[in-house]
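These are the residues of each chain, in order.
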Amino acid sequence: MDKATILTWLEAVKDPEIPVLSLVDLGVIRDVLIDESGRVTVKMTPTFSGCPAMDYMQRDVVQTLQAHGIADVQTEMSFEEPWDTNMVSEKGREALKNFGLAPPPAYQGILDLDILEYAQCPFCNSHNTELRTPFGATLCRSMHYCNDCRQLFEQFKPV
Amino acid sequence: MNTDALKDLLYRLADDQLILGHRNSEWNGLGPILEEDIAFSSMAQDKLGHSLQLYTLLHQLGEAEPDTVAFTRNAPQFHCAQLVELPIGEYDFSLIRHFLYDHAEILRFEALSHSSYEPLAQVARKLKGELKYHTLHANTWIKQLGSSTEEAIERLQNSLNYTLPFALGLFEKTAAEDQIISEGIFVGEDEIKARWQENITKILSQTALDIPDLAALTPVFGGRIGEHTEYLQPLLDEMAEVFRVDPTAEW
């Protein structure tokens with residue numbers, strides 16, 4: 001048993017609100033520690049501080065690893081390395097787009113207003129879109145409108 | 001580090017977020033349009049999450065469990081500003097309160113992200129990113145409605161005039177103020193208030209709304225030392241109803 005194997009197993013644990021996205025690709029699994037006695041600690045960081053899915057994610061991580069025969073497993077939530085949407089992997093971005101959710105635009109430095117308002121339509125790839133409301137069906141989604149294909153769509157909002 | 005001063009600050013921050021979070025949740029199902037219903041409910045969820053993180057910091061400093069702290073105190077033990085406990089009223093009041101409050105809040109957490117108390121700095125770095133969406137939301141509506149119909153402008157102006165003295169109460173100092181500043185935990189209320197005034201002025205000056213002379217207003221103080229309006233205790237009774245019946249209830 002090593003870290004790489006455990007991370008492969010954790011690929012099976014999905015975000016309960018976006019069932020195509022694994023927690024590894026979401027970027028909330030920050031590290032896996034294995035001590036001498038074989039105890040596994042999965043270090044995680046929350047996406048949004050009020051996200052109700054975080055409890056389920058921790059439970060799913062523990063259950064998945066137990067199913068692989070790891071008896072002594074725990075999760076540890078920490079803000080040491082705060083999550084931002086740049087931590088979503090390329091594979092994760094692709095999965096979001098296929099799910100019909102615009103992936104969060106990658107950004108450098110400070111997240112300014114232009115980035116919050118920008119979204120590429122996941123259906124027709126147009127950039128001619130506008131932000132309708134920064135709040136959606138879950139804390140991590142905003143709502144946008146595509147002026148080209150005239151559809152309302154959701155974005156995984158950048159933070 | 002002076003733990004009492006730090007706890008005093010944490011209680012103020014956490015109680016503001018919890019109580020305004022609860023008030024925001026009262027828009028659930030009542031918003032003037034669906035998007036606003038969702039927006040206020042989402043901000044409620046964010047704020048409850050923020051209060052949980054702050055009560056967790058207090059718990060790490062020896063205070064009771066977050067749920068116990070949130071649900072078993074009565075009004076005189078709360079350190080929130082009176083602004084956040086006022087009933088939601090009409091949408092114009094809730095929008096103005098949201099605008100004035102969140103502009104102060106984002107500045108607080110930006111400043112706290114440099115706090116000498118590292119656990120608080122870590123939480124603040126997280127929260128300030130989420131709060132960007134709250135100020136973006138408030139600014140959008142204030143700019144749109146504040147330059148629209150005569151009725152909208154008049155309603156917002158009346159709410160602004162009524163709410164500003166309460167909003168100034170957010171910057172009430174406690175006996176811990178000097179210590180908090182000298183230990184580098186927080187820049188202090190005067191600093192935040194000056195930046196806040198600058199930021200809200202920037203937005204309001206893009207509308208038809210008049211900005212009253214803040215120096216001429218008397219801030220509504222008292223909340224930070226447990227003096228509250230008649231509206232807080234009924235809110236607490238409702239919020240804690242289930243917990244008081246069965247503290248172990250899960251749903």
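Residues numbered from 1 in each chain as written. Chains lettered and ligands numbered in written order. Predicted model: local features only at pLDDT ≥ 70, side-chain atom pairs only at ≥ 80, totals over all residues.

Chain B has the name Phenylacetate-CoA oxygenase subunit PaaI in an unreviewed UniProt entry, where Hymenobacter qilianensis is given as its organism.

For chain A, the name recorded in an unreviewed UniProt entry is Phenylacetate-CoA oxygenase subunit PaaJ, with Hymenobacter qilianensis as its organism.

Caption draft 1: Local environment of the packing of helix 5 (residues 91-112) of chain B against helix 7 (residues 150-168) of chain B. Residue and element names in this part refer to chain B. Two numbers describe how helix 5 lies on helix 7: the axes approach to 9 Å, and their chain directions differ by 45 degrees. Here helix 5 lies oblique to helix 7, going by the angle between them. By crossing handedness, the relation of helix 5 to helix 7 is classed as right-handed. Here helix 5 contributes Asp-92, Phe-93, Ile-96, Arg-97, Leu-100 and Tyr-101 to the contact with helix 7, which in turn contributes Arg-155, Leu-156, Ser-159, Leu-160, Thr-163 and Ala-167. (Axes fitted to C-alpha atoms, helices over the stretch in contact; angles between N-to-C directions. Helix = DSSP H or I, 4+ residues; strand = E, 2+ residues; numbered from the N terminus. Parallel < 35°, antiparallel > 145°, perpendicular 65-115°, else oblique. Left-handed = near helix turned anticlockwise from the far one by under 90°. Contact = placed C-beta atoms within 7 Å.)

Caption draft 2: Geometry of unusual backbone geometry. All names here are of chain A. For Asn-125, which is not glycine, the phi torsion reads 65 degrees and is therefore positive. Tracing the sequence through the fold places Asn-125 in the loop between helix 5 (113-117) and strand 7 (129-133). Positive phi, close to 55 degrees, is recorded for Arg-150, a residue that is not glycine. Of note, Arg-150 is situated in the loop between strand 8 (141-146) and strand 9 (152-156). Of the residues examined, Arg-150 has 9 C-beta atoms within 10 Å and is grouped as exposed. (Buried ≥ 20, exposed ≤ 12 C-beta atoms within 10 Å, placed from the backbone.)

Caption draft 3: Highlighting the domain arrangement of chain A. All names here are of chain A. Domain parsing of chain A yields domain 1 (3-83) and domain 2 (90-156). With ten residues of domain 1 at the interface, the matching set in domain 2 holds ten residues. Those elements giving two or more residues to the side of domain 1 that touches domain 2 turn out to be strand 2 (18-22) and helix 2 (23-26). Considering every element that reaches the side of domain 1 that touches domain 2, the biggest residue donor is strand 2, with three residues. For the side of domain 1 that touches domain 2, the residue count by class is six nonpolar, two polar and two charged. (Domains from an automatic or database assignment. Nonpolar A, V, L, I, M, F, W, Y, C, P; charged D, E, K, R; others polar.)

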